[in-house]
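Understanding the architecture of this molecule
Read off the chains here:
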Amino acid sequence: MTTDTFSEIDAEQIAEDLHTILDMVRWSVSCFNQAELFYGHGTDNPWDEAVSLVLQLLHLHQDLTLQTGDQLFHSRLTKAEKLKIIAIVKRRADERIPVPYLTNQAWFCDLPFFVDERVLIPRSPIAELIQNHFEEWIGDSEPQHILDLCTGGGCIAIALAYAFEEAQVDAVDISQDALDVAELNITEHELNHRVYPIKSDLMEALQGQQYDLIVSNPPYVDAEDMDDLPEEFHHEPELALAAGADGLDLVDDILRQAPIHLTENGWLFVEVGNSEVHMFSRYPELPIQWVEFENGGHGVFAISKNDLVEYWRSVDH
């Protein structure tokens, strides 16, 4: 659907012709298909995208569909509700804005978060690691001090605080805009006493601090992938995506700084996404463990403090 075509729609006429939630979802799917949108910010197809958008705009949780079945979709809408949905569907198609930015809500580890264009929309497979308490690596130990490096909107830091109820979590980012969003989310989840937003260029402001667990989802998109990103991704802050020619500009520094800030039995987890291929050429001897995910996802590695220390000792000498 071209912008010109969509700009000519008669919202009043459409509102008159559509009656139920199902009508509105079906119409939205048609609009999305005609506009040839990209999906990758919480859904992967136009139907799920439309259902997610419409239900959020109606302040209805998607779990209601499990309780009511088709009954919910046959609920009739008020004219005001229909006009609101039509306007937002038009923005999704015309401006290619991801749904979470249109509704200011995203979900991560089954938790709701406020998001806007100051932060990335959460979609990291690290969620599965958090829900499994990193058991394969740390067993049943309970980390007391955790660092979420490049926290963005604070989603990983907050999910870590829920998973490890006795832990203090430092949520670090270089962007004050991102930290402002993180602080909103920390307050909303009533975790101000355990999750602390800190402005820092990676670990520069953390002198003397050590952590049992460091988790990082840093910028890791390489130059080639940045050039090929669908338009939807260009609504996200470039600072949180781009990381040089091979996507490893920040990862290099993280690997150098981590040994100083890990406790004796500490572990580092870093997401590098598609830049995984560059890790093999850049660090052929680094004894990292690639995480295998049951629920989809790739490009996350783990390494212990001891292995990092030994690696740098062998390289530097």
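Definitions and cut-offs
- Residues numbered from 1 in each chain as written.
- Predicted model: local features only at pLDDT ≥ 70, side-chain atom pairs only at ≥ 80, totals over all residues.
- Heavy atoms only, no water.
- Helix = DSSP H or I, 4+ residues; strand = E, 2+ residues; numbered from the N terminus.
- Rg over C-alpha atoms; globule rule 2.2 N^0.38 Å.
- Buried < 20%, exposed > 50% of the residue type's maximum accessible area, 1.4 Å probe, protein only.
- Contact = heavy atoms within 4.5 Å.
- Areas by Shrake-Rupley, 256 points an atom, 1.4 Å probe, with all protein chains shown as cover.
- Lys, Arg positive; Asp, Glu negative; His and termini not counted.
- Charge placed at Lys NZ, Arg CZ, Asp CG, Glu CD.
- Expected span 1.5 Å × (residues − 1).
- Axes fitted to C-alpha atoms, helices over the stretch in contact; angles between N-to-C directions.
- Parallel < 35°, antiparallel > 145°, perpendicular 65-115°, else oblique.
- Left-handed = near helix turned anticlockwise from the far one by under 90°.
- Nonpolar A, V, L, I, M, F, W, Y, C, P; charged D, E, K, R; others polar.
- Polar contact = N/O pair within 3.5 Å; in protein donor to acceptor, adjacent residues only side chain to side chain.
- pLDDT = per-residue confidence, 0-100.
- Phe/Tyr/Trp six-rings, centres within 6.5 Å; stacked < 30°, edge-to-face > 60°.
- Lys NZ or Arg CZ within 6 Å of the ring centre and 35° of its normal.

Our focus in this paragraph is the overall build of the protein. Each helix and strand in the protein was counted, giving 15 helices and 9 strands. For the protein, the C-alpha radius of gyration of 22 Å lies close to 20 Å, the compact-globule estimate for 317 residues. Counting across all 317 residues of the protein, residues that qualify as buried make up 53%. Of all intrachain contacts in the protein linking residues separated by at least 6 positions in sequence, the fraction that spans at least 24 positions is 70%. In the form shown here, the protein has an accessible surface area of approximately 15300 Å², with 47% of it arising from carbon and sulfur atoms. Taken together, the 17 basic and 59 acidic charged side chains of the protein have centroids lying 7 Å from each other.

The periodicity of an α-helix, 3.6 residues per turn, causes residues three or four positions apart to be oriented the same way. The terminal C-alpha atoms of helix H6 (residues 79–95) lie 24 Å apart, and with 17 residues this matches the ideal 24 Å at 1.5 Å per residue to within 8%. Once H6 finishes, Arg-96 follows within two positions and takes phi at roughly 55°, a positive value.

Looking at where Gln-62 falls in the secondary structure, it is placed in the loop between helix H4 (46–57) and helix H5 (64–68). In this structure Gln-62 comes out as partly exposed when scored by relative accessible area, which is 36%. Spatially, the C-alpha atom of Gln-62 lies 31 Å from that of Phe-269, the residues being 207 residues apart in sequence. With near-sequence residues (within four places) excluded, Gln-62 lies in contact with Val-51, Ser-52 and Leu-55.

What follows is about the packing of helix H13 (residues 249–261) against helix H15 (residues 305–316). As a packed pair, H13 and H15 sit with axes 9 Å apart at the nearest point and diverge in direction by 120°. The angle between H13 and H15 places the two elements in the oblique class. The hand of the H13/H15 crossing is left-handed. In this structure, H13 uses Leu-255, Arg-256, Ala-258 and Pro-259 to contact H15, whose residues at the interface are Lys-305, Leu-308, Val-309, Trp-312 and Asp-316. The residue makeup of the contact of H13 with H15, split by class, is 6 nonpolar, no polar and 3 charged.

On to the side chain of Ser-52, then. Take Ser-52: it is sitting in helix H4. With relative accessibility at 14%, the residue Ser-52 sits in the buried group. Of note is the side chain of Ser-52, whose polar atom sits 3.0 Å from the side chain of Gln-56. Discounting residues that sit within four places of it in the chain, Ser-52 has contacts with Thr-43, Gln-62 and Val-99.

Before going further, it helps to spend a moment on the confidence of the model for the protein. Taken as a whole, the protein shows an average pLDDT of 89; of its residues, 91% reach a score of 70 or greater. Segment residues 1–5: pLDDT under 50, and 7 contacts once partners within four positions in sequence are set aside and those in other chains are kept.

Taking 1.5 Å of rise per residue, the 15 residues of helix H3 (residues 21–35) would be expected to cover 21 Å, and the 21 Å separating its terminal C-alpha atoms lies within 8% of that figure. Among all positions of H3, only Ile-21, Met-24, Val-25, Trp-27, Ser-28, Val-29, Cys-31, Phe-32 and Ala-35 are buried. Looking one or two residues past H3, Glu-36 carries a phi angle of roughly 55°, positive in sign.

When we look at a pair of aromatic rings, we describe it by the centre distance and by the angle of the planes. Per the stated rule, a full pass over the model turns up 9 aromatic pairs. Ring geometry for Phe-280 and Trp-290: centres 5.7 Å apart, planes at 40°, overall tilted. Taken together, the residues span a long stretch of sequence, with Phe-280 in helix H14 (residues 276–282) and Trp-290 in strand S8 (residues 289–290) at a distance of 10 residues. In this structure Phe-280 comes out as partly exposed when scored by relative accessible area, which is 48%. Members of the aromatic cluster, joined through ring pairs, are Phe-134, Trp-137, Phe-164, Trp-267 and Phe-269. Lying across the ring of Trp-312, Arg-256 places its NZ or CZ 3.6 Å from the centre.

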